[in-house]
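One letter stands for each residue in the lines below.
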Amino acid sequence: MMVSIEVVKKLDSLAAPLAVGIKTEKDSRQVQVLSNIPDSAFLAQLSSSLTAVGADCALGDSYLIPSPLDSRYPLIASGLTETGSDALRQAAGAAIRAGQKALSKYQEKDAVISPVVIALPHNHADQLQAILEGALLGAYQFTAYQQAKKAQLQKIIVLSAVENPEKIIAKAQLIAQAVYQVRDLVNTPARDLNPQDLADIAVAEAAKYGCQAKVFAGADLAKEQLAGIAAVGAGSATPPRLVRVEWAPAQANYSIALVGKGITFDSGGYSLKPPTSMVDMKTDMTGAATVLAATLSAARLNLPIRVTAWLCLAENMVSASSIRPDDVITYRNGKSVEINNTDAEGRLVLADGLLMACAEEPDEVIDIATLTGAAVVALGERLSGIMGTPEIRKAVRQAADTAGEAAWEMPLPAHLATGLRSRIADMKNSGKRPGGMLVAGLFLQNFVGNTPWAHIDIAGPAFNNESAYGYTPAGATGIMLRTLVQHLENKCQN
Ligand code: BES
Ligand code: MN
Ligand code: ZN
């Protein structure tokens, strides 16, 4: 359930969990309070209290003291370096996480749960939007599997002078719902989310928002020669699927295909992962969840652009019916692939999705996948790598910058493709280790033809293994959903 938002021009009382920004001067202990509360005496008092306790925190972190006006409540001092949208989004997220944590000490029986008040400095609509997004994204919790339900924050009050905030609130809630949807799907264990479950959810969600859905399963896979999806899913008790979800408004004159890797669990197959690498592999369907949520968002925002999502769904398991190393499969474009590593399964299923997507001649195609451990080595755990046709690559990167999601453009150097040469087939599915993220991108390049294309590797940032920071919780992050929606919106403006 989503917390409710109220934007107010004036606060009746400061007696509530109250969040302000703070910045500690480099050369002194002096804490500067950054807030739009008009009461300068109160702010000065806060500044000296925070200075007295040596409050100091980075952007994305917060520091709590008892509220000077009512010591039943915390005063949340959220690190804030500047008042750009990115910083405000992170500060609001950190503030709400701290407020939520303080409230979680209450039990459900404690009837009154106070709203958290955010009073961060800003003037413009896009700054308010960032604060609301950060607050909602920071409030996310995944409690489906916990017995003791902790008290949940019910309401966030935001102090703002921005006129007519209703539309901004609605947009922030819509985007947050989409990110929540991705996070919920990714956090759900594979036992409760197999390819059939995810396909059923996609079909039901499509119907809710006026999108068309079609599922390719069973005999359809052979008929359409979806060789990669059929091969990777062959070892699972739940058969694989390709799901097509389309938002096709009448006035659209631009079309984008979105292809998502949807491995509901990646054991590695016969090229079995070692135990510690297998943990968290329920997250290997993040790409599919993200393209689904992005397409539903396009529908809900009524964007005048055609968006087609392709969810490549399979469970990569070990059984007598699994594919083996050395097996060769042949795709619908005639290309054959020798499987030298069953753990390089993502590219095998994406190849089908890309071929199906490009056969419809979209103006561009974007795939997104938790594709390679090499992406984590190259870019760390917080950045996405974007590869592909330079123009689309750059446009996605710009959308990521606008959305405040960290991403970097990466090349596809042709010489690395020699590692994919096969003795008996047109190519192998895995090459040498160096540049592994780029090798995977080069493999995919064989399946997009001349369609302008971007490939996003989110193996690092899809899941946060460490503690929460800013608006990013521990666990599934929903990274790049906002970037994709921003990219779709940008295309409507051109
Ligand atoms: N799903 C993994 C990639 C991954 C690793 C995602 C870590 C998230 C965190 C993918 O299917 C995989 O196993 N890739 C192999 C490819 C290799 C065999 C060429 C890898 O990265 O080791
Ligand atoms: Mn794998
Ligand atoms: Zn995988």
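Residues numbered from 1 in each chain as written. Chains lettered and ligands numbered in written order. Predicted model: local features only at pLDDT ≥ 70, side-chain atom pairs only at ≥ 80, totals over all residues. Heavy atoms only, no water.

**Quick word on the overall build of the chain**
And step 1. Helix and strand counts for the chain stand at 14 helices and 20 strands.
And step 2. Here the C-alpha atoms of the chain give a radius of gyration of 24 Å, agreeing with the 23 Å that 2.2 N^0.38 yields for 494 residues.
And step 3. Across its three principal axes, the chain shows a C-alpha extent of roughly 80 × 50 × 45 Å.
And step 4. Across the 494 residues in the chain, those meeting the buried criterion constitute 58%.
And step 5. Look at the contacts in the chain between residues 6 or more apart in sequence, and 76% of them connect residues 24 or more apart.
And step 6. When the accessible area of the chain is evaluated, it comes to approximately 20300 Å², of which 50% is carbon and sulfur surface. (Helix = DSSP H or I, 4+ residues; strand = E, 2+ residues; numbered from the N terminus. Rg over C-alpha atoms; globule rule 2.2 N^0.38 Å. Buried < 20%, exposed > 50% of the residue type's maximum accessible area, 1.4 Å probe, protein only. Contact = heavy atoms within 4.5 Å. Areas by Shrake-Rupley, 256 points an atom, 1.4 Å probe, with all protein chains shown as cover.)

**Some thoughts on the coordination of the zinc ion (ligand 3)**
The reference angle at a metal is 109.5 degrees if four donors form a tetrahedron and 90 or 180 degrees if six donors form an octahedron.
And step 1. At this site the zinc ion (ligand 3) is bound by K261 (NZ), D266 (OD), D284 (OD) and E345 (OE), with donor distances of 2.0 to 2.4 Å.
And step 2. The site at the zinc ion (ligand 3) holds 6 donor atoms, and with the angles between them running 79 to 172°, its shape is octahedral.
And step 3. Motif for the zinc ion (ligand 3), donor spacing along one chain: K-x4-D-x17-D-x60-E.
And step 4. For the pair the zinc ion (ligand 3) and the manganese ion (ligand 2), the metal-to-metal distance amounts to 3.1 Å, and D266 bridges them. Taken together, the positions of K261 in strand β10 (residues 255-266) and E345 in the loop between β13 (336-338) and α10 (346-359) put the pair 84 residues apart, joining distant regions of the chain. As far as burial versus exposure is concerned, K261 and E345 are alike and both buried. (Donors = N, O, S within 2.8 Å, 3.2 Å for Na, K, Ca; no water. Tetrahedral: all angles 85-135°; square planar, octahedral: opposite > 155°, others 65-115°.)

**Some words on the coordination of the manganese ion (ligand 2)**
And step 1. Summarising the metal site, the manganese ion (ligand 2) is bound by the protein donors D266 (OD), D343 (O), D343 (OD) and E345 (OE), whose distances to it range over 2.0 to 2.2 Å.
And step 2. One way to put it: the 6 donor atoms around the manganese ion (ligand 2) meet at angles of 71 to 170°, and that makes the site irregular.
And step 3. Mapped onto the polypeptide sequence, the residues donating to the manganese ion (ligand 2) form the spacing pattern D-x76-D-x1-E.
And step 4. Note on D343: relative accessible area 22%, which makes it partly exposed.

**A word on the pairing of strand β11 (residues 306-316)**
Note on strand geometry: in a regular strand, side chains alternate between the two faces of the sheet.
And step 1. Along β11, 10 of the 11 residues are buried, which leaves the element largely enclosed by surrounding structure.
And step 2. With 7 bridges joining them, strand β9 (residues 241-247) and β11 adopt antiparallel strand pairing. Note that in β11 the partner of L242 across the bridge is C312.
And step 3. Bridge analysis of β10 against β11 gives 11 bridges, and the strand direction is parallel. Residue pairing in the sheet places L258 in a bridge with A309 of β11. (Pairing = 2+ DSSP bridges.)

**Focus: a nonpolar patch on the surface**
And step 1. Where nonpolar side chains cluster on the molecular surface, the patch consists of Y270, L272 and V318 and spans about 280 Å² of accessible area.
And step 2. Within the secondary structure, Y270 sits in the loop between β10 and α8 (275-278). (Patch = residues over 30% accessible without salt bridge, like charges linked within 9 Å, V, L, I, M, F, W, Y side chains within 5 Å. Salt bridge = Lys/Arg side-chain N within 4 Å of Asp/Glu carboxyl O.)

**Side note on the sheet that holds strand β8 (residues 212-217)**
Strand pairs in the sheet, formed through backbone hydrogen bonds, run parallel or antiparallel to each other.
And step 1. The mixed open sheet is built from 8 strands, whose spatial order is β8-β9-β11-β10-β14-β18-β15-β16. Sheet topology places β8 and β16 (407-409) at the edges, where each strand pairs with a single neighbour. Within the sheet, the average angular offset between the axes of one strand and its neighbour, ignoring direction, is 20°.
And step 2. Pairing of β10 with strand β14 (residues 364-369), which is carried by 5 bridges, proceeds in the parallel orientation. Bridged to I256 within β14 is E364.
And step 3. The strands touched by helix α14 (residues 481-493) within the sheet are β10, β11, β14 and β18 (453-457), with β14 carrying the most contacts at an inclination of about 170°. (Axes fitted to C-alpha atoms, helices over the stretch in contact; angles between N-to-C directions.)

**Here we look at the packing of aromatic side chains**
And step 1. Going through the model one piece at a time under the given rule, you end up with 4 aromatic pairs.
And step 2. The aromatic ring of Y469 is capped on one face by R382, whose charged end is 3.4 Å from the ring centroid. (Phe/Tyr/Trp six-rings, centres within 6.5 Å; stacked < 30°, edge-to-face > 60°. Lys NZ or Arg CZ within 6 Å of the ring centre and 35° of its normal.)

**Topic: the site of ligand 1**
And step 1. D266, K273, D343, E345 and G373 are the nearest of the 15 residues found near ligand 1.
And step 2. D284 has a polar side-chain atom sitting 2.9 Å from a nitrogen atom of ligand 1.
And step 3. Measuring from a nitrogen atom of ligand 1, one finds a backbone N or O atom of T370 at 3.4 Å.
And step 4. Coverage of ligand 1 by the protein chains reaches 75% of its 520 Å² of free accessible surface.
And step 5. Looking at the shell around ligand 1, its residues break down into 3 nonpolar, 5 polar and 7 charged. (Near = heavy atom within 4 Å. Polar contact = N/O pair within 3.5 Å; in protein donor to acceptor, adjacent residues only side chain to side chain. Nonpolar A, V, L, I, M, F, W, Y, C, P; charged D, E, K, R; others polar.)

**Description of helix α5 (residues 195-208)**
And step 1. In a regular helix each residue adds 1.5 Å, so 14 residues correspond to 20 Å; α5 covers 20 Å between its end C-alpha atoms and thus fits that length.
And step 2. Where α5 begins, the side chain of N194 points an oxygen toward the backbone nitrogen of Q196, at a separation of 2.9 Å.
And step 3. Just downstream of α5 lies G210, where phi reads positive at about 75°. (Expected span 1.5 Å × (residues − 1).)

**Details of the environment of P411**
And step 1. Within the secondary structure, P411 is located in the loop between β16 and β17 (427-428).
And step 2. Not counting residues up to four positions away in its chain, the partners in contact with P411 are M387, R393 and L438.

**A closer look at the side chain of S267**
And step 1. Among the secondary structure elements, S267 is positioned in the loop between β10 and α8.
And step 2. Only 3.1 Å separates the side chain of S267 from the backbone nitrogen of G269, close enough to count as a polar contact.
And step 3. Side-chain polar atoms of S267 contact the backbone oxygen of N316, separated by 2.7 Å.
And step 4. Beyond its immediate stretch of four places on either side in the chain, S267 contacts L272, K273, M278, N316, M317 and V318.

**Remarks on unusual backbone geometry**
And step 1. Positive phi outside glycine occurs at N164, with the angle close to 45°.
And step 2. Mapping N164 onto the fold places it in the loop between β7 (155-159) and α4 (166-187).
And step 3. In this structure N164 comes out as exposed when scored by relative accessible area, which is 58%.

**Examining the packing of α10 against helix α13 (residues 436-445)**
Two measures define how a pair of helices packs: the angle their axes make with one another and the distance between the axes.
And step 1. Packing of α10 against α13 leaves a shortest axis separation of 9 Å and a crossing angle of 35°. Our pair here, α10 against α13, has a crossing hand that is right-handed. Contacts between α10 and α13 involve R347, L348, L350, A351 and L354 from the former and A440, F443 and L444 from the latter.
And step 2. Within the contact of α10 with α13, the residues separate by chemical class into 7 nonpolar, no polar and 1 charged. (Left-handed = near helix turned anticlockwise from the far one by under 90°.)

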